[in-house]
Amino acid sequence: MRSPQKRCFYCGRWFRPDPRTAAQKACGGAECRRMRHARACQSWRIRFPKDDEARRGKTRAWAKTYPDYWRHYRTGHPSYVRRDNRRRQRRRRAG
Ligand SMILES: [Zn+2]
């Protein structure tokens, strides 16, 4: 049996939720999925405010034991380098 239609929380269009998800709120539209994900991240950051910091600390500690890892990774992944540089630039501009 096909699942009943629901209204997308973001754009208000009717959509048929994936049968594997009971509480799907967003349709398959790229912008709706992006907004839903942003909200989920926001809610995570509110619920676990120290998570980011803890993860960064762990990564830094790990990187100390493998000092060349990121340099090697960057030489093999140019698209990552571009994305990372852009992200760093944005963050610096945002202050
Ligand atoms: Zn939608």
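In case you missed it, the structure is sitting above this.
Residues numbered from 1 in each chain as written. Predicted model: local features only at pLDDT ≥ 70, side-chain atom pairs only at ≥ 80, totals over all residues. Heavy atoms only, no water.

Attention now moves to the side chain of Gln24. Structurally, Gln24 can be placed in the loop between strand E2 (14-15) and helix H1 (30-47). In this structure, Gln24 is in contact with Lys6, Phe15, Pro17 and Asp18, ignoring residues within four places of it in sequence. (Helix = DSSP H or I, 4+ residues; strand = E, 2+ residues; numbered from the N terminus. Contact = heavy atoms within 4.5 Å.)

Let's shift gears to the coordination of the zinc ion. The zinc ion binds to the protein through Cys8 (SG), Cys11 (SG), Cys27 (SG) and Cys32 (SG); the donor distances cover 2.3 Å. Between the four donor atoms coordinating the zinc ion, the angles at the centre fall across 103 to 114°, so the site counts as tetrahedral. In the primary sequence, the donor residues of the zinc ion line up as C-x2-C-x15-C-x4-C. With a gap of 24 residues between them, Cys8 in the loop between strand E1 (6-7) and E2 and Cys32 in helix H1 connect regions that are remote in the sequence. (Donors = N, O, S within 2.8 Å, 3.2 Å for Na, K, Ca; no water. Tetrahedral: all angles 85-135°; square planar, octahedral: opposite > 155°, others 65-115°.)

Under the criterion given, the structure shown has nine aromatic pairs. Measuring from centroid to centroid gives 5.0 Å for Phe9 and Tyr10, while their planes differ by 80°, and the two rings are edge-to-face. Overall, the relative accessible area of 49% leaves Phe9 in the partly exposed class. With a relative accessible area of 22%, Tyr10 lands in the partly exposed category. A centroid spacing of 5.2 Å and a plane angle of 85° characterise the contact between Tyr73 and Tyr80, whose relative ring orientation is edge-to-face. The partly exposed category is assigned to Tyr73, whose relative accessible area is 25%. Put simply, the rings of Trp62, Tyr66, Tyr69, Trp70, Tyr73 and Tyr80 touch in pairs and so form one group of aromatic residues. (Phe/Tyr/Trp six-rings, centres within 6.5 Å; stacked < 30°, edge-to-face > 60°. Buried < 20%, exposed > 50% of the residue type's maximum accessible area, 1.4 Å probe, protein only.)

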